[in-house]
Amino acid sequence: MKTHLSIKGDSFLINGAPTYSEVPGANPASLGLLWNQRVVQGVFDDRKDRSRFNQFKMKVFDPQKNTENLIASLPAWHAYGLRAITVCFQGGWPVGALNVEDIDNNPFSKDGLTLDAAYAKRMDSIIRAADELGMVVIVTFLYWAQTREFTDGRAVANAVRTGARFLKEGGYTNVIVEVANEYNINPFRRHPLVFTAQGMAQLIKIAREESGGMPVGCSGGGGMADREVVEESDVAIVHGNGLTRGQYYDFINKVKGWAGGKPVLCNEDSPCCTRVDVGLETHTSWGYYNNYTKQIPPADFGVTCGEDVFFARRVARAVGIPVDELPHDERFYLQGLEDHTVFSGMRVVRLACEFPEKVSYVDFYEGGKRIYRSYDEPFFVNRETTWTGTPRAAGRGAQQWEAIVTLTDGNTVKKSTTAKGVDA
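First things first, this report covers the structure right here in the doc. The shown structure was predicted, so the numbers you read here are calculated from the model rather than taken from an experiment.

Brief notes about the side chain of K415
For step 1, the next point in the chain: Mapped onto the elements, K415 comes out in strand β20 (residues 412-419).
For step 2, the next point in the chain: Polar contacts involving the side chain of K415 include one to the main-chain carbonyl oxygen of F332, which spans 3.5 Å.
For step 3, the next point in the chain: Contact partners of K415, with chain neighbours within four places excluded, come to D329, F332, L334, L351, W401, E402 and A403.

Brief notes about the sheet that holds strand β3 (residues 17-18)
For step 1, the next point in the chain: A sheet is described by the order of its strands in space; here 3 strands give the open sequence β1-β2-β3, paired in antiparallel fashion. Each end of this open sheet is capped by a strand with a single partner; those strands are β1 (5-8) and β3.
For step 2, the next point in the chain: Here 2 bridges tie strand β2 (residues 11-14) to β3, and the two strands are oriented antiparallel to one another. Note that in β3 the partner of L13 across the bridge is P18.

Looking at the packing of aromatic side chains
For step 1, the next point in the chain: Tallying each qualifying case throughout the model produces 17 aromatic pairs.
For step 2, the next point in the chain: Judged by centre distance (6.2 Å) and plane angle (55 degrees), the ring pair of F108 and F150 falls under tilted. Here F108, found in the loop between β5 (84-88) and α2 (117-133), pairs with F150, found in the loop between β6 (136-142) and α3 (153-170); they are 42 residues apart in sequence, far enough to count as distant. Like F108, the residue F150 is buried in the burial classification.
For step 3, the next point in the chain: Ring pairs connect the aromatic residues F89, F108, F141, F150, F166 and Y172, which therefore count as one cluster.
For step 4, the next point in the chain: The aromatic ring of F355 is capped on one face by K358, whose charged end is 4.7 Å from the ring centroid.

Structural notes on the environment of Q399
For step 1, the next point in the chain: On the secondary structure map, Q399 appears in strand β19 (residues 399-407).
For step 2, the next point in the chain: Taking the relative accessible area as the measure of exposure, Q399 reaches 11% and is therefore buried.
For step 3, the next point in the chain: Put simply, Q399 and E338 are 61 residues apart on the chain and 12 Å apart in space, counted from C-alpha to C-alpha.
For step 4, the next point in the chain: A distance of 2.4 Å separates the side chain of Q399 from the backbone oxygen of A394, its partner in a polar contact.
For step 5, the next point in the chain: Side-chain polar atoms of Q399 contact the backbone oxygen of G397, separated by 3.0 Å.

Considering empty space enclosed by the protein
For step 1, the next point in the chain: Counting across every chain of the model gives 2 cavities of 30 Å³ or more.
For step 2, the next point in the chain: Volume-wise, the largest cavity comes out at about 80 Å³.
For step 3, the next point in the chain: The wall of the largest cavity is formed by P271, C273, E307, F310, F311, L351, A352, C353, P356, E377, P378 and F379.
For step 4, the next point in the chain: Contributions of two or more residues to the lining of the largest cavity are made by α10 (307-319) and β14 (350-353).
For step 5, the next point in the chain: Residues that form the lining of the largest cavity fall into these classes: 10 nonpolar, no polar and 2 charged.
For step 6, the next point in the chain: Considered as a void within the structure, the second largest cavity measures approximately 60 Å³ in volume.
For step 7, the next point in the chain: Elements supplying a minimum of two residues to the lining of the second largest cavity: α6 (227-232) and β9 (236-239).
For step 8, the next point in the chain: Here the element with the most residues in the lining of the second largest cavity is β9; it accounts for 3 residues.
For step 9, the next point in the chain: Taken together, the residues of the lining of the second largest cavity break down into 9 nonpolar, 3 polar and 1 charged.

What about the environment of I85?
For step 1, the next point in the chain: Its location among the elements puts I85 in strand β5.
For step 2, the next point in the chain: Here I85 falls in the buried class, since its relative accessible area comes to 1%.
For step 3, the next point in the chain: Residue contacts for I85: discarding those within four places in its chain leaves N36, Q37, V39, L70, L74, I126, M135, V136, V137 and I138.

Let's talk about the pairing of β5
For step 1, the next point in the chain: Among the 5 residues of β5, 5 are classified as buried, and the element is accordingly described as predominantly covered.
For step 2, the next point in the chain: The side-chain alternation of β5 yields two buried faces, one formed by A84, T86 and C88 and the other by I85 and V87.
For step 3, the next point in the chain: Across 3 bridges, strand β4 (residues 36-38) lies against β5 in parallel orientation. Bridge pairing in β5 places R38 opposite T86.
For step 4, the next point in the chain: A crossover links β4 with its parallel partner β5, the connecting element being helix α1 (residues 63-80), and its sense is right-handed.
For step 5, the next point in the chain: In this sheet, β6 lies alongside β5 in parallel orientation, the contact comprising 5 bridges. Note that in β6 the partner of T86 across the bridge is I138.
For step 6, the next point in the chain: Regarding the hand of the β-α-β motif, the stretch spanning β5, α2 and β6 is right-handed.

Notes on the layout of surface pockets
For step 1, the next point in the chain: Put simply, the largest pocket is a space of about 470 Å³.
For step 2, the next point in the chain: Looking at the lining of the largest pocket, the elements with two or more residues in it are α1, α9 (291-294) and β12 (332-335).
For step 3, the next point in the chain: Tallied by class, the residues present in the lining of the largest pocket amount to 12 nonpolar, 9 polar and 6 charged.
For step 4, the next point in the chain: When its volume is computed, the second largest pocket comes out at roughly 330 Å³.
For step 5, the next point in the chain: Forming the boundary of the second largest pocket are 17 residues, of which E182, I185, N241, E268 and W387 lie nearest the centre.
For step 6, the next point in the chain: Taken together, the residues of the lining of the second largest pocket break down into 9 nonpolar, 5 polar and 3 charged.

Here is what the cut-offs are and how they apply
- Residues numbered from 1 in each chain as written.
- Predicted model: local features only at pLDDT ≥ 70, side-chain atom pairs only at ≥ 80, totals over all residues.
- Heavy atoms only, no water.
- Helix = DSSP H or I, 4+ residues; strand = E, 2+ residues; numbered from the N terminus.
- Polar contact = N/O pair within 3.5 Å; in protein donor to acceptor, adjacent residues only side chain to side chain.
- Contact = heavy atoms within 4.5 Å.
- Pairing = 2+ DSSP bridges.
- Phe/Tyr/Trp six-rings, centres within 6.5 Å; stacked < 30°, edge-to-face > 60°.
- Buried < 20%, exposed > 50% of the residue type's maximum accessible area, 1.4 Å probe, protein only.
- Lys NZ or Arg CZ within 6 Å of the ring centre and 35° of its normal.
- 1 Å grid on protein atoms, 1.4 Å probe; cavity = no way out; pocket = protein on both sides within 12 Å on 5 of 7 lines; lining within 4 Å.
- Points joined across faces, edges and corners; volume = space filled by probe spheres on them.
- Nonpolar A, V, L, I, M, F, W, Y, C, P; charged D, E, K, R; others polar.
- Right-handed = clockwise from strand over helix to strand, strands pointing away.

Structure, rendered in structure tokens:
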């Protein structure tokens, strides 16, 4: 392995040096951080009905091709300064596209004693590809919707042991273990060993021992953490979903107080790229989460237009990697109307921008009629939270959309596009 991750105080080191030390003129505030993103569907499959994911640019869903697409995307993200990704053995929820509990994406046996060989092979290929680039993989074992298959608490503990032993046997040196995705949310109540802070602390110990001492942590729900879990973790892993920037700042400082000088790493939040600034201020790592470009399989793992590009450029500037200044008009992008973004006959429309803090509000028009005003980043039509908007029927025939952006200085920017209908 080429990439050896270690921890010193509240900083991450790669091959003995703080992260980003290899970047000429690196921003000192980024040294030791792991800017990252959530790509949990990297080893995804649906053994119940794979054909439901014959969409977007992959007309016939192929789990191996899905993994290869993720691997192919990594060099571009690395060039912008991303140094970590999160991939979950049990995937995540393609929110708005399908009921996640109707998906069979559990590679562990019901007793937790075995791991599906195809999933293991795909995860191995991702970890090794990241290693070649100098990147870290945060490997998550458990996702609430798939743990319904486990027979009891012993099976849960067995699955953690099985996952950790796989990592140890792989000899990986560029991995952080996340035992579960949001252990303390209500759907995990079916497994008290996961759901309770005391139980999770024990699972963290199991994962650490069985992996041969890899750094281990576990995220809670957005803005949710338990001191006992933070104190037991090697890395305090948190989620920021649904929080304002100020709430996120307060939450991070609370967790830092519990962490006792250990690293604090957010590996799921939203497309709210201004959170990068909070990471710089607090010396904590931040994780981008885009449900619509990165979590509805087959995910487009590349640096896509709009939100992905703007996040990537934000990270590059935070690290000290030069990026050319965009023309003013190109700092805004009317997103979710592209031909390949319709899922289940629906689309989620939003206005992406490189500097959301310079936007006062956005008015959206469909067919010349104003339908919504959005005040908060990210600027969704019918915003539900920081990471989801209400899906709208794609409809039939061409549809004219327009977004008028009113900036904090009083100036306006107009973005418009014609979207094809589902029958076009």
